[in-house]
Amino acid sequence: MTAIMLVGALASNAYAQTIVSGSIPFDPDNLNGVKSAANLTIYAIGPGGAEIKVNPDAYGNFSMILPGNGTYSFRVEPYKLDYLNKTTNASYSIFYPDGTANVFIRVVPDQGLKNVTIPAMKVAYPTISGTIPFDPANYNNVTSITDLTIYAINESGFSVKANPNPDGTFSMSLVGSGEYSFRVIPSRLDYVDKSTNMAYSIQYPDAANNKFTVNIPDEGIKNLTIKTWKIEVEEPTATPTAIPAGTPTPTPAPGFMAALAMLGAAVATMKKL
């Protein structure tokens with residue numbers, strides 16, 4: 001076990017010291033060049049902001065002497081390791097507590113703590129691809145399929161958006177697996193059947209009554225077709241309809257234990273659609 005280092009001024013007596021021991025999960029097959037758990041550094045930040053740090057052994061086991069009881073926040077450096085599943089070719093990351101957005105707190109009693117496991121959260125980055133139906137002969141001035149915007153929204157409200165290619169195909173890289181709801185803007189296009197002179201609309205998934213949800217695994221999905229509904233209407237819409245403006249893609253909200261409901265890992269602002 002490597003030596004424990006005190007960072008900052010710690011006024012403590014021997015009788016007040018307490019020991020915390022446990023383990024940290026680690027996989028050496030990462031893309032960051034971190035080949036041993038001993039290359040990780042675990043920090044305990046106690047009352048007053050003083051830090052104690054220790055490197056685990058090669059198996060991920062650690063023990064650290066703290067200056068006394070109280071509430072401690074733990075963080076790890078590096079806090080993020082990236083991986084690639086060689087079987088499915090799916091990419092993912094392991095997030096450790098970083099002490100700010102991703103927090104792990106323990107109340108340490110006088111007798112210390114044993115068997116503490118530093119949490120490690122897995123966040124997958126699945127890719128989905130497929131097609132979206134489109135007919136340019138609409139009354140809404142949407143002449144190209146590239147004018148559509150597809151949104152994929154996970155259960156915590158994080159969304160990713162993409163515009164289809166001219167051939168109707170699309171591809172999106174998501175943050176986290178799980179259930180996603182899809183939305184298309186504009187969500188409705190109006191048409192007239194020239195053979196019958198009957199008006200109809202094509203409805204894409206929206207945020208109200210026309211739901212399209214898909215459970216996305218870590219390895220993603222190929223050949224996904226965005227669902228549409230045909231709606232008969234009494235007369236065509238002759239006045240072009242303005243395309244609603246898309247909003248910037250939200251980013252995951254901070255929160256190690258809650259982001260993405262997991263899963264999200266930590267950056268900028270998000271906007272729930």
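Residues numbered from 1 in each chain as written. Predicted model: local features only at pLDDT ≥ 70, side-chain atom pairs only at ≥ 80, totals over all residues. Heavy atoms only, no water.

A short note on the packing of aromatic side chains
Phase 1 of the analysis: Tallied over the entire structure, the rule returns 4 aromatic pairs.
Phase 2 of the analysis: Between Y83 and Y92, the aromatic rings sit 5.3 Å apart at their centres with planes inclined by 10 degrees, giving stacked as the arrangement. The same class applies to Y83 and to Y92, which are both buried.
Phase 3 of the analysis: Between Y191 and Y200 the ring centres are 5.4 Å apart and the planes differ by 15 degrees, which places this aromatic pair in the stacked class. Grouping residues by exposure puts Y191 and Y200 together as buried.
Phase 4 of the analysis: Taking the ring centre of Y200 as reference, the NZ or CZ of K230 above it sits at 4.5 Å. (Phe/Tyr/Trp six-rings, centres within 6.5 Å; stacked < 30°, edge-to-face > 60°. Buried < 20%, exposed > 50% of the residue type's maximum accessible area, 1.4 Å probe, protein only. Lys NZ or Arg CZ within 6 Å of the ring centre and 35° of its normal.)

Regarding the pattern of salt bridges
Phase 1 of the analysis: Scanning the model with the defined rule gives 6 salt bridges in all.
Phase 2 of the analysis: The partner of D82 in a salt bridge is K80, with the nearest N and O atoms 2.6 Å apart.
Phase 3 of the analysis: Taking relative accessible area as the criterion, D82 reaches 21% and is therefore assigned partly exposed.
Phase 4 of the analysis: The partner of K122 in a salt bridge is D218, and the shortest N-O contact between them spans 3.3 Å. On the criterion of sequence distance, the pair formed by K122 in strand 11 (residues 121–124) and D218 in the loop between strand 19 (213–216) and strand 20 (221–225) is long-range, its members being 96 residues apart. (Salt bridge = Lys/Arg side-chain N within 4 Å of Asp/Glu carboxyl O. Helix = DSSP H or I, 4+ residues; strand = E, 2+ residues; numbered from the N terminus.)

Some points on the sheet that holds strand 15 (residues 169–173)
Phase 1 of the analysis: A sheet is described by the order of its strands in space; here 3 strands give the open sequence 15-12-20, paired in mixed fashion. The sheet terminates laterally at strand 15 and strand 20, the two strands that pair on one side only. Each strand of the sheet is rotated relative to its neighbour by a mean of 25 degrees, with strand direction disregarded.
Phase 2 of the analysis: Bridging between strand 12 (residues 127–131) and strand 15 involves 5 bridges; their strand directions are antiparallel. Bridging from a neighbouring strand, T131 pairs with T169 of strand 15. (Pairing = 2+ DSSP bridges. Axes fitted to C-alpha atoms, helices over the stretch in contact; angles between N-to-C directions.)

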